[in-house]
Amino acid sequence: MAKTVVIDEHGGPEVFKLVDREVGAPGPGEVRIRHEACGLNFIDVYQRTGLYPMELPHALGMEAAGVIEAVGEGVTHLKAGDRAAYAAAPPGAYAEARVMGAAQVCPLPDGISFEEGAAMMLKGLTTHYLFRRTTPISKGDTVLFHAAAGGVGLIACQWARSEGITLIGTAGTDEKCALALEHGAAHCINYRSGDWVAQVRDLTDGAGVDVVMDAVGADTFEGSLDSLKPLGMMISFGNASGPVPPFSVGILGQKGSLKITRPTLFTHIADHDTCQRMAADLFGKVTSGDVTLRIDQRFPLEDVAEAHRVLEARKTTGSTVLIP
Ligand SMILES: NC(=O)c1ccc[n+]([C@@H]2O[C@H](COP(=O)([O-])OP(=O)(O)OC[C@H]3O[C@@H](n4cnc5c(N)ncnc54)[C@H](OP(=O)(O)O)[C@@H]3O)[C@@H](O)[C@H]2O)c1
């Protein structure tokens, strides 16, 4: 049996229930993993509220780290006793243990703790595909990254610094801006005070940025387009402030032949070999010291509702982990 967080209706943090679940044995292509730490991500909020609908009842959580207890037929990259970490669908990571498909479960290097593993897989693999697999970004290019002091944000700041990319961050308080700067942002704008689009223009001598990475969504969408250079790339990858409203593609022409994409991590890691290679790159960034994981919030698994409240209230910085 394993304590598991489930929801049987969409709604606020009060819908979470902690239940005992039979874990069972892994089938072909599956592993059973006992979690030491589980990651908290904004996608968990979208799934809880129903912005990303799912069949209910359902367990939640997309990221965790722990020890492999058993492997099913055909699994060759992991064995019982291995340390491992993952970001993967379907949700179900908010649990003491689970059985799941092995393809996205990655051996965790000894130098990386379980908490770090749980804090970095979904956010770090996202950073990987944003910088390496979405649009060409070269040394010297300038990227605007919203919510730069958040979970993905602080990893992105460090990733950009390690590759010579100029990252202009935004964040909701001056303290958060200071944190983003400490982690490698070249500049950080408090976008809750003043005209942040004008500040981006000033910082780029009027030119605008090459790429925007925008997971704030509704509140920043227009301003993000206005921050781009002609031919610039808008990567809209989330909706922390609400989904981007429908818009006319003609806007992209009027604002300078802009490009736009709306990626999700799960497309990028769908293939086993690609996922394992991306994880190896990410682990390399961490073991080399280019990226350090900042875990600013820890909650016992049973306090998951409080963890969600704090995340939604914009009171977190860096990563948050739940400890089963
Ligand atoms: N598409 C993908 O593949 C993918 C994968 C991973 C994450 N994401 C997205 O990336 C974003 C960051 O994820 P995360 O888990 O690391 O979260 P996070 O950045 O730690 O938290 C979200 C942050 O968004 C900012 N925000 C702005 N407006 C907000 C509002 N109205 N309500 C709540 N927060 C608001 C807040 O920072 P400030 O106070 O500084 O504004 C908040 O701390 C999320 O939108 C997530 O969905 C997308």
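Draft legend 1. Focus on the site of the ligand. Close contacts around the ligand come from 28 residues, with Tyr-129, Lys-176, Tyr-191, Leu-265 and Arg-314 the closest. Contact between the ligand and Tyr-129: an oxygen atom at 2.8 Å from a side-chain N or O atom of the residue. Note that an oxygen atom of the ligand is positioned 2.8 Å from one of the backbone N or O atoms of Ala-215. Contact with the protein chains removes 91% of the 900 Å² of surface that the ligand exposes when unbound. Those elements that place two or more of their residues in the shell around the ligand are helix H1 (42–49), helix H2 (114–132), helix H3 (151–162) and helix H10 (304–312). The leading source of residues in the shell around the ligand is H2, at three residues. Its residues placed into classes, the shell around the ligand shows 15 nonpolar, nine polar and four charged. Looking at which domains feed residues into the shell around the ligand, each of domain 1 (2–122 + 266–323) and domain 2 (135–262) supplies at least three.

Draft legend 2. Structural context of the domain arrangement of the protein. Each assigned domain of the protein is listed with its residue range as follows: domain 1 (2–122 + 266–323) and domain 2 (135–262). In total, about 1,500 Å² of surface goes out of reach between domain 1 and domain 2, with carbon and sulfur atoms giving 54% of it. Three residues, Lys-285, Arg-294 and Arg-314, lead the burial of domain 1 against domain 2; their summed loss comes to 34% of the area buried on that side. Counting the contacts that link domain 1 with domain 2 gives one salt bridge. The partner of Glu-163 in a salt bridge is Lys-285, with the nearest N and O atoms 2.8 Å apart. Remark: the boundary between domain 1 and domain 2 carries ten residue pairs in polar contact (both at pLDDT 80 or more). Elements that contribute at least two residues to the side of domain 1 that touches domain 2 include exactly H1, H2 and helix H9 (272–287).

Draft legend 3. Region of interest: the packing of aromatic side chains. Enumeration according to the criterion identifies five aromatic pairs in this entry. Plain terms: the ring middles of Phe-42 and Tyr-46 are 5.4 Å apart, the flat faces sit at 55° to each other, and that makes the pair tilted. With Phe-42 and Tyr-46 both in helix H1, this residue pair falls four residues apart, about one helical turn. Each ring, one from Tyr-46 and one from Tyr-52, has its centre 4.8 Å from the other, and the planes form 55°; the classification is tilted. We classify Tyr-52 as partly exposed; its relative accessible area is 25%. Every member of this aromatic cluster is reached through a ring pair, and the members are Phe-42, Tyr-46 and Tyr-52. Between the NZ or CZ atom of Arg-83 and the centre of the ring of Phe-114, over which it lies, the distance is 4.5 Å. Taking the ring centre of Trp-159 as reference, the NZ or CZ of Lys-285 above it sits at 4.9 Å.

Draft legend 4. Structural view of the sheet that holds strand S4 (residues 58–59). As summarised here, the arrangement of the three strands in space is S2-S1-S4, forming an open sheet in which the pairing is antiparallel. Each end of this open sheet is capped by a strand with a single partner; those strands are strand S2 (17–21) and S4. Of the pairings in the sheet, the one linking strand S1 (residues 2–7) to S4 comprises two bridges and is antiparallel in character. Note that in S4 the partner of Ile-7 across the bridge is His-58.

Draft legend 5. Expanded view of H1. By the criterion of burial, H1 is predominantly enclosed, with six of the eight residues buried. Gly-50 sits one or two residues past H1 and shows a positive phi near 100°.

Draft legend 6. Looking closely at the side chain of Gln-276. Positionally, Gln-276 belongs in helix H9. A distance of 3.0 Å separates the side chain of Gln-276 from the backbone oxygen of Val-105, its partner in a polar contact. Ignoring sequence-local partners within four residues, the contact set of Gln-276 consists of His-77, Ala-103, Gln-104, Val-105, Cys-106 and Pro-107.

Draft legend 7. Main features of the pairing of S1. Counted residue by residue, S1 has five buried out of six residues, so it is predominantly covered. With five bridges connecting them, S1 and S2 associate as antiparallel partners. In the sheet register, Ala-2 faces S2, and the bridge partner there is Arg-21.

Draft legend 8. Main features of unusual backbone geometry. Note the cis peptide between Leu-56 and Pro-57, where omega equals 0°. For Ala-147, which is not glycine, the phi dihedral falls at a positive 55°. Its place among the elements puts Ala-147 in the loop between strand S9 (142–145) and H3.

Draft legend 9. Fine view of the sheet that holds S9. Strand order in the open sheet formed by six strands is S11-S10-S9-S12-S13-S14, and the pairing between neighbours is parallel. Lying at the two open borders of the sheet, with one neighbouring strand each, are strand S11 (187–190) and strand S14 (259–261). Strand-to-strand twist in this sheet, taken as the mean axis angle between neighbours without regard to direction, amounts to 15°. Taken together, the three bridges between strand S13 (residues 228–236) and S14 define a ladder with parallel strand orientation. The residue of S14 that forms the bridge with Met-234 is Ile-260. Each of S9, strand S10 (166–171), S11, strand S12 (209–214) and S13 is contacted by helix H5 (residues 196–203), which is oriented at about 160° to S11, the strand it contacts most.

About the criteria used
- Residues numbered from 1 in each chain as written.
- Predicted model: local features only at pLDDT ≥ 70, side-chain atom pairs only at ≥ 80, totals over all residues.
- Heavy atoms only, no water.
- Near = heavy atom within 4 Å.
- Polar contact = N/O pair within 3.5 Å; in protein donor to acceptor, adjacent residues only side chain to side chain.
- Areas by Shrake-Rupley, 256 points an atom, 1.4 Å probe, with all protein chains shown as cover.
- Helix = DSSP H or I, 4+ residues; strand = E, 2+ residues; numbered from the N terminus.
- Nonpolar A, V, L, I, M, F, W, Y, C, P; charged D, E, K, R; others polar.
- Domains from an automatic or database assignment.
- Buried area = accessible area lost by both parts, 1.4 Å probe.
- Salt bridge = Lys/Arg side-chain N within 4 Å of Asp/Glu carboxyl O.
- Phe/Tyr/Trp six-rings, centres within 6.5 Å; stacked < 30°, edge-to-face > 60°.
- Buried < 20%, exposed > 50% of the residue type's maximum accessible area, 1.4 Å probe, protein only.
- Lys NZ or Arg CZ within 6 Å of the ring centre and 35° of its normal.
- Pairing = 2+ DSSP bridges.
- Contact = heavy atoms within 4.5 Å.
- Axes fitted to C-alpha atoms, helices over the stretch in contact; angles between N-to-C directions.

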